[in-house]
Amino acid sequence: MKTQKERMLAGELYIADDAELGRESRHGKRLARIYSQTTENDGDYRTELLSQLFNKIGPNGYVEPPFHTDYGSNTTIGANFYANYDAIFIDVARITIGDNVFMGPRVGLYTAGHPIDAEIRAEQLEYGLPITIGNDVWFGGNVVVNPGVTIGSNVVIGSGSVVTKDIPDGVVAVGNPCHVLRKITDKDRDYWAKQKAAYFADRDDE
């Protein structure tokens, strides 16, 4: 017979009121609470706490306090990650985040789901579906990503979007429900390359 944790991570119905899940959830919430109470002078300590909280976080990962999560241990993060204030990761299923992912304030990654049927929902049965995010993704503030969503690489998600379906590589996507607005093109790259060159030219004049 599967444990509640095994059922949870397999995307099957499970009950969260379980001794093993309770221990792991309290551990993650405790670390997140301690992290959220640190100050700007606690850089090394913050790095250590994040390494204990998440399954893995790559180099140059940073989360602006406060931060909230269910477990933390079900979240894997790549290199050069940044999350601004009030990020919420409900990781009852796996959350996998690639390299160079940036999040504005109040981004929520919600893997948890509940049955539509009210009677079954009232029995405390729930489920989770994984969220996967590629490389080089930028989330505007107040984005919500729903259970089971995969977001490709080289993507911008506009502020306030609610992502209910998969988003392909190389696009700007916006709205509720979130949809592809347009592709990211060579024109975009050329424009921002010129802005970068102007920045460094200005620095060289100092």
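In what follows, the accompanying structure is described.

The rules behind the values
- In this convention, every chain numbers its residues from 1, walking through the sequence in written order.
- A pLDDT threshold of at least 70 governs which residues receive local features in this predicted model, and a stricter bar of 80 or more applies before side-chain atom pairs are shown or counted, although totals over entire chains, interfaces and linings include all residues.
- Each side-chain value is worked out from all heavy atoms of the structure, with water and hydrogens disregarded.
- Paired strands are those between which DSSP finds at least two bridges.
- Strands here mean DSSP runs of E at least two residues long; helices mean DSSP runs of H or I at least four residues long; both are numbered from the N terminus.
- Only the six-membered ring of Trp is used, alongside the rings of Phe and Tyr, when aromatic pairs are assigned; centres must lie within 6.5 Å, and planes under 30 degrees apart are stacked while those over 60 apart are edge-to-face, with the rest tilted.
- For every residue, the accessible area obtained with a 1.4 Å probe (protein chains only) is divided by the maximum for its type, and the residue is called buried under 20%, exposed over 50%, and partly exposed between those limits.
- Here the expected length of a helix is defined as 1.5 Å per residue gap, with one fewer gap than residues.
- Two residues form a contact once any of their heavy atoms are found within 4.5 Å.
- Polar contact is defined as a pair of N or O atoms within 3.5 Å, subject to the rule that within protein one atom must be able to donate a hydrogen and the other to accept it, and that residues adjacent in sequence are counted only when both atoms are side-chain atoms.
- In this description, one arc is meant: the one made by directions from the helix axis to the C-beta atoms.
- In these notes, a set of buried Ala, Val, Leu, Ile, Met, Phe, Trp, Tyr and Cys residues joined through side-chain atoms within 4.5 Å is what counts as a nonpolar core.

1. Overview of the sheet that holds strand β12 (residues 125–128)
As a general point, the strands of a sheet are linked pairwise by backbone hydrogen bonds and lie either parallel or antiparallel.
Move 1: Pairing within the open sheet is antiparallel, and its 3 strands lie in the order β1-β12-β11. Strand pairing shows two members of the sheet lacking a second neighbour, β1 (14–15) and β11 (112–113), which therefore form its edges.
Move 2: When β1 meets β12, the two strands line up antiparallel, connected through 2 bridges. What sits directly across from Ile15, in β12, is Leu125.

2. Digging into the pairing of strand β20 (residues 179–183)
Move 1: As judged from the 4 bridges shared by strand β19 (residues 171–174) and β20, these two strands associate in the antiparallel manner. Residue pairing for β20: Ala173 is matched across the bridge by Val180.
Move 2: Turn length for the β19-β20 hairpin, with the two strands adjacent in sequence and antiparallel, is 4 residues, and the turn residue Gly175 shows positive phi of about 100°.

3. A short note on the packing of aromatic side chains
Move 1: Within the structure shown, the criterion is met by 6 aromatic pairs.
Move 2: For the pair Tyr191 and Trp192, a centre-to-centre distance of 4.9 Å together with 90° between the ring planes defines the contact as edge-to-face.
Move 3: Tyr191 sits in the partly exposed class, given a relative accessible area of 44%.
Move 4: Put simply, the rings of Phe54, Phe67, Phe81 and Phe89 touch in pairs and so form one group of aromatic residues.

4. Observations regarding helix α2 (residues 19–36)
Move 1: Its 18 residues place the ends of α2 25 Å apart at the C-alpha level, agreeing with the 26 Å of an ideal helix rising 1.5 Å per residue.
Move 2: By the burial criterion, the buried members of α2 are Leu21, Gly22, Ser25, Gly28, Leu31, Ala32, Ile34 and Tyr35.
Move 3: Each element contacted by the buried residues of α2 is listed here: α1 (4–9), β1, α3 (43–53), β3 (62–63) and β4 (67–69).
Move 4: Between the side-chain oxygen at the start of α2 and the backbone nitrogen of Glu20 there is a gap of 3.2 Å, and the oxygen is on Asp18.

5. Some points on the sheet that holds β19
Move 1: Spatial strand order, β3-β6-β9-β14-β17-β19-β20: 7 strands in an open sheet with mixed pairing. Two strands bound the open sheet, and with one partner strand each, they are β3 and β20.
Move 2: Where β3 meets strand β6 (residues 82–83), 2 bridges bridge the pair, whose relative direction is parallel. Bridge pairing in β6 places Val63 opposite Ala83.

6. Let's talk about α3
Move 1: Those residues of α3 that sit buried are Arg46, Leu49, Leu50 and Leu53. An end-on view of α3 places all buried positions within 100° of arc, on one side of the element. Set apart from the buried face of α3 by more than 90 degrees, the exposed residues are Asp44 and Thr47.

7. Brief notes about the nonpolar core
Move 1: One finds Phe89, Ile97, Met103, Leu109, Ile133, Phe139 and Ile151 to be the most contacted residues of the largest nonpolar core, which totals 37 residues.
Move 2: Contributing elements (two or more residues each) for this core: α2, α3, β7 (87–90), β8 (95–97), β13 (131–133), β14 (137–139), β17 (155–157) and β19.
Move 3: Top contributing element to this core by residue count: α2, with 4 residues.
Move 4: Residues in contact with Ile151, not counting those within four places in the same chain, are Thr132, Ile133, Gly134, Val137, Phe139, Val145, Val163 and Ile167.
Move 5: In this structure, Tyr14, Leu21, Tyr71 and Val92 belong to the second largest nonpolar core, which totals 6 residues.

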